[in-house]
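Structural features, examined
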Amino acid sequence: MTPASLEQTRAAIKGIAREEWGRVLASLVGQLRDLALAEDVLQDAVVAALGHWPRDGVPAQPRAWLLQTARRKAIDRLRRDANFQAKRAELAVLHELDRQAGQDDLDESIADERLRLIFTCCHPALAEAARVALTLRTLGGLATEEIARAFLVPEATMAQRLTRAKRKIKAAGIPYEVPEPDLWAERLGSVLSVIYLIFNEGYAATSGEAPTRGELCREAIRLGRILAQLVPEEPEAAGLLALMLLHDSRRVARSDAQGNLITLEQQDRARWDQGLIAAGARLLESALAQGSPGPYQIQAAISAIHAQAPSATATDWRQITLLYGELYALQPSPVVRLNAAVALSFAEGAEAALPTLAELERQGALASYQPFHAAHADTLRRAGRKTAAAKAYRQTLALTRNAAERRFLEGRLGDMLG
Amino acid sequence: MKYMCLIYGDEAKHPQPGTPEMGQLMQDYMAFTKDIQEKSVMVAGDPLQPVATATTVRVRGGKTDTTDGPFAETKEQLGGYYILECKDLDEAIAYAARIPTAASGSIEVRPIMVFD
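Just so it is clear, the structure is predicted and the values come from calculations on it, not from any experiment.

Each value, and the rule that gives it
Residues numbered from 1 in each chain as written. Chains lettered and ligands numbered in written order. Predicted model: local features only at pLDDT ≥ 70, side-chain atom pairs only at ≥ 80, totals over all residues. Heavy atoms only, no water. Helix = DSSP H or I, 4+ residues; strand = E, 2+ residues; numbered from the N terminus. Buried < 20%, exposed > 50% of the residue type's maximum accessible area, 1.4 Å probe, protein only. Contact = heavy atoms within 4.5 Å. Areas by Shrake-Rupley, 256 points an atom, 1.4 Å probe, with all protein chains shown as cover. Lys, Arg positive; Asp, Glu negative; His and termini not counted. Charge placed at Lys NZ, Arg CZ, Asp CG, Glu CD. Domains from an automatic or database assignment. Pairing = 2+ DSSP bridges. Axes fitted to C-alpha atoms, helices over the stretch in contact; angles between N-to-C directions. Buried area = accessible area lost by both parts, 1.4 Å probe. Salt bridge = Lys/Arg side-chain N within 4 Å of Asp/Glu carboxyl O. Polar contact = N/O pair within 3.5 Å; in protein donor to acceptor, adjacent residues only side chain to side chain. Phe/Tyr/Trp six-rings, centres within 6.5 Å; stacked < 30°, edge-to-face > 60°.

**Digging into the overall build of chain A**
Across its full length, chain A carries 19 helices and zero strands. Considering only C-alpha atoms, chain A reaches an extent of 75 × 55 × 40 Å along its principal axes. The burial tally for chain A puts 52% of its 418 residues in the buried class. For chain A, long-range pairs separated by at least 24 residues make up 63% of all intrachain contacts whose partners lie at least 6 apart in sequence. Element-wise, carbon and sulfur atoms account for 53% of the exposed surface of chain A, whose accessible area totals about 19200 Å². Within chain A, the 50 negative side-chain charges are centred at a point lying 5 Å from the centre of the 51 positive side-chain charges.

**A closer look at the overall build of chain B**
A tally of regular secondary structure across chain B gives two helices and six strands. Mapped from its N terminus to its C terminus, chain B presents α and β elements in the order β-α-β-β-β-β-α-β. Along the first, second and third principal axes, the C-alpha atoms of chain B reach 50 × 45 × 20 Å. Per-residue burial over chain B gives 28% buried out of 116 residues. Summed over all atoms, the accessible surface of chain B reaches about 7800 Å², with 57% contributed by carbon and sulfur. Taking the average location of the 11 positive side-chain charges in chain B and that of its 17 negative ones, the two points are 3 Å from each other.

**What to know about the domain arrangement of chain A**
Interface size is commonly expressed as the accessible surface area that is lost when the partners come together. Each domain of chain A was delimited in the assignment, giving domain 1 (3-107) and domain 2 (316-418). With centres defined by C-alpha atoms, the gap from domain 1 of chain A to domain 2 of chain A works out at 52 Å.

**Some details on the sheet that holds strand β1 (residues 2-9) of chain B**
All names here are of chain B. What the four strands build is an open sheet, ordered β2-β5-β1-β6; its pairing is antiparallel. The open sheet has two edge strands with one neighbour each: β2 (42-47) and β6 (106-111). With direction set aside, neighbouring strand axes in the sheet form an average angle of 20°. Its contacts with the sheet put helix α1 (residues 20-38) on β1, β2 and β5 (77-85), and the angle it makes with β5 is roughly 25°. In this fold helix α2 (residues 89-96) packs onto β1, β5 and β6, with an angle of close to 155° to the strand it touches most, β6.

**A word on the pairing of strand β3 (residues 55-60) of chain B**
Residues and elements named next belong to chain B. In this structure, β3 lies alongside strand β4 (residues 63-68), joined through six bridges in antiparallel fashion. Across the sheet, Thr55 pairs through a bridge with Asp68, a residue of β4. Between β3 and β4, which pair antiparallel in sequence order, lie two residues; one of them, Gly61, sits at a positive phi of approximately 55°.

**Quick look at the interface of chain B and chain A**
Listed by partner, the interface residues are seven residues for chain B and eleven residues for chain A. Buried area between chain B and chain A, summed over both chains or domains, comes out near 730 Å², and the portion from carbon and sulfur atoms is 59%. In terms of surface lost to chain A, no three residues of chain B exceed B:Asp88, B:Leu89 and B:Asp90, which account for 56% of the buried area on that side. For the pair chain B and chain A, the number of links is one salt bridge. At the boundary of chain B and chain A, one finds four residue pairs in polar contact (both at pLDDT 80 or more). With three residues, the single largest contributor to the side of chain B that touches chain A is α2(B).

**What to know about the packing of aromatic side chains**
Here a ring pair, both rings aromatic, is described through the centre-centre distance and the interplanar angle of the planes. A complete count under the given rule lists seven aromatic pairs over all chains for this structure. Residues A:Trp53 and A:Trp65 carry aromatic rings whose centres are separated by 5.1 Å and whose planes lie at 70° to one another, so their mutual orientation is edge-to-face. Taken as a pair, A:Trp53 in helix α2 (residues 35-56) and A:Trp65 in helix α3 (residues 62-80) lie far apart in primary sequence, twelve residues in all. The class for A:Trp53 is buried, based on a relative accessible area of 3%. The class of A:Trp65 is partly exposed, set by a relative accessible area of 22%. Between B:Phe32 and B:Tyr82 the ring centres are 5.3 Å apart and the planes differ by 75°, which places this aromatic pair in the edge-to-face class. Of this pair, B:Phe32 sits in helix α1 while B:Tyr82 sits in strand β5, and the two are 50 residues apart along the sequence. For B:Phe32, a relative accessible area of 4% gives the class buried. Ring pairing ties together the aromatic residues A:Tyr196, A:Phe199, A:Tyr203 and A:Tyr296, which thus form one cluster.

**A closer look at unusual backbone geometry**
With phi around 55°, A:Arg33 is a residue other than glycine that occupies positive phi space. Within the secondary structure layout, A:Arg33 lies in the loop between α1 (3-32) and α2. With a phi close to 55°, B:Ser40 is a non-glycine residue in the positive phi region. With respect to the helices and strands, the residue B:Ser40 is situated in the loop between α1 and β2.

**What about the environment of B:Cys86?**
Residue and element names in this part refer to chain B. Mapped onto the elements of the fold, Cys86 is located in the loop between β5 and α2. Residue classification places Cys86 among the buried residues on the basis of a relative accessible area of 2%. Distance from Cys86 to Phe32, taken between C-alpha atoms, is 15 Å for residues 54 residues apart in sequence. Not counting the four nearest positions on each side in its chain, Cys86 is found in contact with Met1, Tyr3, Val41, Glu91, Ala92 and Tyr95.

As structure tokens, then:
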């Protein structure tokens, strides 16, 4: 094999490993009941694949191969373990599984194992940052170094965060189980919010040069798709997936060639991805048909109105204002109120929204929330109140780290002073 | 696994002895305790005297230093505990949520360390 084709084969193997990582890991955790051990032996199996597959070819069932190899690595490790006697029961189970290998490795039980693992990774007993990292690592198959890069923290910090989370899972007895009905709503909410956080980190990119980091968006959508398949009876899971697809349809239109941010009203709608819009709208429709609307479905409905409007001015802002009202009834937060005010400013004119924005400013809950000041500044600008707008743009700039967005805001501030 | 549920509440807002609120709270605790005893979940559990009765002891350089009061002044004070035998954290959380003080104070759930 030439070095170039070897490199290609290796890249292909890494692709397969990443695609299968979440499934195989979930299955191993189900058998070993130990996340750290499962991760170690799966890593060993991937290393083995990198050695064997370029020589022997990729097996017909790469998932089954990885699972069986990882299981044998687990047997080896447990045998070497100082606590060999204590691990006898686990070893017996593993040997039995190894004998029957190939049968249960491909069937539906893996789906259930993955659902359990999602609930473990998103358990509210873990810190939010740890939930996000753990979900990307264990279910998304991202390397620690990739997660660190995406969240702009040193790799050592991310590695420590993951290690601590895994230690807590073990020490505190966080279960590998689908939660009981009385905990279900809280726990599903936590899973949905972790996936949406991952998406938003990619979409909004609060810091760094490029305004979007597509990798995280793609990963969140992949996780959202897995979840929606695992819990088809939960319309909020489908609602979240629809919301992410609809947002993602605008991703490439959100910045220009220089990386400057383009606001929704100024985006070139021809660059919106019609395939994603159609897919999102279809998903949303079937979710809403289940007759149990929730925050993600409502937000997806708002996003769908934007996505299907021929132009910014031809957007049905009245409908959007109504939907924000519904969302506020479910989630009475200042951020939702801010969004409702912005929608109203387009439905009835910038003046109409200024009293609500002034009240939000007085209440102070959004004082350090950059999008509040950005929206306030923009509404004041549209209402022709240059002096107040300039002040609001300065407040916005003081809170803006993203380089592309800073350039945009500085331009607007200049217009107000000119 | 064994979990310790540390029961924290604001002593200043605690119902006074002899009031109907205190009677209700006692009944709720008795009912909860009876239930977890019958299910063999309870390993131990006791209420504590108020923090006014607390004494903190430190030994520094071989010298014992005894002071009045709790280890730390906090808004909510440790008022009692249960030790529960549960299969996992979710089961412990479900029981902790049923401790009557959970509705007004907070319950800290800590796994008890096992040496193996």
